[in-house]
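This is what each chain is made of:
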Amino acid sequence: MNQILTLVNRLRHSDNLAVLTGAGVSAASGVPTFRGQNGLWKKYRPEELANPQAFRTHPEVVWEWYSWRRQLIRQVHPNAAHYALVELEKMVSTFTLMTQNVDNLHQLSGSINVIELHGNIMKNKCFSCNQPSTEDIHLGSGLPRCKLCDGLIRPDVVWFGESLPMEALKKAQLAAMECDVFLAVGTSAVVEPAASLPYLAKANGAYLVEINTEETPLSSKTDLFLAGAAEQILFELSEHIK
Ligand code: OAD
């Protein structure tokens, strides 16, 4: 049977679907991925900037990098992959979308039950007291500071060496354990702890599916690997299911 039809069949009988997304889902919107073909790491070394030590040493450089990404993300729109996931959410009784993406495109497309594992690039918080900050950031007038403690304001995303938001991670782990189908889409599946979620799902009996343009360390462990672009495969899937 055609692989997509195999998945359609599975989803028709699923009442608890969990989906983990990564940068590949936003690639068709024009947001560069970190790894893989055309990945940002071919041009920059984000791990050198996306860490607390880099922010302590040269916050202005880190802010410059995030301002550039914010500017880019402000101009993009959800693509067919995001919209297909909105359709999938409507058809199963329990649906959880856990994303490593910080670009807000799932929420913008209309997905409801979204867990942001790595934060949201449009939000800010204090580097010292951790309080969220709602101030508009204007880098031209110096580095932004916290109204409460005068600490430096930083983007509210998870950096290398930092823990994920506890509640988000717990919810994601629970969803992985309880789902009957788990879909890993457009993620290189190498950054922990998100990378463990598909294995957790499979260990708890879920049917594990991966959609990616390239093979990842997860591919050989899946029940079904669909090679191709998320925006095409998910679109086709949602058309079959509608
Ligand atoms: P990566 O950039 O590591 O991986 C993107 C994956 O998407 C690769 O495996 C590509 O093959 C695949 N891909 C590219 N275009 C695709 C398409 N159109 N359809 C399907 N797949 C496609 O992104 P993540 O796995 O999300 O963390 O990266 C995980 C984390 O690493 C990020 O959240 C970020 C980064 O460091 C932090 O910043 C903390």
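Nothing here was measured: the structure is a model prediction, and the numbers come from that model.

**Examining the pattern of salt bridges**
Piece 1. In total, this model carries five salt bridges according to the counting rule given.
Piece 2. Measuring nitrogen to oxygen at the nearest pair gives 2.7 Å for the salt bridge that ties glutamate 162 to arginine 154.
Piece 3. Using a relative accessible area of 24% as the deciding quantity, one classes glutamate 162 as partly exposed.
Piece 4. On the basis of relative accessible area, arginine 154 is assigned to the buried category, the value being 3%.

**Comments concerning the site of the ligand**
Piece 1. Residues in contact with the ligand amount to 22 residues; listed here are only the nearest, Phe34, Arg35, Thr187, Ser188 and Asn212.
Piece 2. A distance of 2.7 Å separates an oxygen atom of the ligand from a polar side-chain atom of threonine 187.
Piece 3. Here the ligand, which alone exposes 800 Å², has 93% of that area covered by the protein.
Piece 4. Tallied by class, the residues present in the shell around the ligand amount to eight nonpolar, eleven polar and three charged.
Piece 5. Among the domains, domain 1 (2-30 + 77-118 + 164-241) and domain 2 (32-75 + 121-157) are the pair contributing at least three residues each to the shell around the ligand.

**Quick word on the domain arrangement of the protein**
Piece 1. Looking at the protein, the domain boundaries give domain 1 (2-30 + 77-118 + 164-241) and domain 2 (32-75 + 121-157).
Piece 2. Relative placement of domain 1 and domain 2: their C-alpha centres are 27 Å apart.
Piece 3. Contact with domain 1, which involves 13 residues of that partner, is made by 14 residues of domain 2.
Piece 4. When the two sides are added together, the surface that domain 1 and domain 2 hide from each other amounts to roughly 900 Å², 59% of it contributed by carbon and sulfur.
Piece 5. Counting the surface domain 1 buries against domain 2, the share from its top three residues, Ala23, Val102 and Glu214, is 40%.
Piece 6. Run the count over domain 1 and domain 2 and you get zero salt bridges.
Piece 7. Put simply, domain 1 and domain 2 have one residue pair in polar contact (both at pLDDT 80 or more) between them.
Piece 8. Of the residues belonging to the side of domain 1 that touches domain 2, the class tally is five nonpolar, five polar and three charged.

**A word on the packing of aromatic side chains**
Piece 1. According to the stated counting rule, one finds six aromatic pairs in the structure shown.
Piece 2. Each ring, one from phenylalanine 55 and one from phenylalanine 127, has its centre 4.8 Å from the other, and the planes form 65°; the classification is edge-to-face. Placement of the pair is phenylalanine 55 in helix 4 (residues 52-57) and phenylalanine 127 in the loop between strand 4 (119-126) and strand 5 (132-133), with a sequence separation of 72 residues.
Piece 3. Exposure remark for phenylalanine 55: the relative accessible area of 1% places this residue in the buried category.
Piece 4. Judged by centre distance (5.9 Å) and plane angle (25°), the ring pair of tryptophan 65 and tryptophan 68 falls under stacked. Of this pair, tryptophan 65 and tryptophan 68 are both found in helix 5 (residues 59-74), three residues apart, which corresponds to roughly one turn of the helix.
Piece 5. Residue classification places tryptophan 68 among the partly exposed positions, given a relative accessible area of 37%.
Piece 6. Through pairs of rings, three or more aromatic residues link up here, namely Phe55, Trp65, Tyr66, Trp68, Phe127 and Trp159.
Piece 7. Its end group placed over the ring of tryptophan 159, arginine 154 keeps NZ or CZ at 3.7 Å from the ring centre.

Rules behind the numbers
Residues numbered from 1 in each chain as written. Predicted model: local features only at pLDDT ≥ 70, side-chain atom pairs only at ≥ 80, totals over all residues. Heavy atoms only, no water. Salt bridge = Lys/Arg side-chain N within 4 Å of Asp/Glu carboxyl O. Buried < 20%, exposed > 50% of the residue type's maximum accessible area, 1.4 Å probe, protein only. Near = heavy atom within 4 Å. Polar contact = N/O pair within 3.5 Å; in protein donor to acceptor, adjacent residues only side chain to side chain. Areas by Shrake-Rupley, 256 points an atom, 1.4 Å probe, with all protein chains shown as cover. Nonpolar A, V, L, I, M, F, W, Y, C, P; charged D, E, K, R; others polar. Domains from an automatic or database assignment. Contact = heavy atoms within 4.5 Å. Buried area = accessible area lost by both parts, 1.4 Å probe. Phe/Tyr/Trp six-rings, centres within 6.5 Å; stacked < 30°, edge-to-face > 60°. Helix = DSSP H or I, 4+ residues; strand = E, 2+ residues; numbered from the N terminus. Lys NZ or Arg CZ within 6 Å of the ring centre and 35° of its normal.

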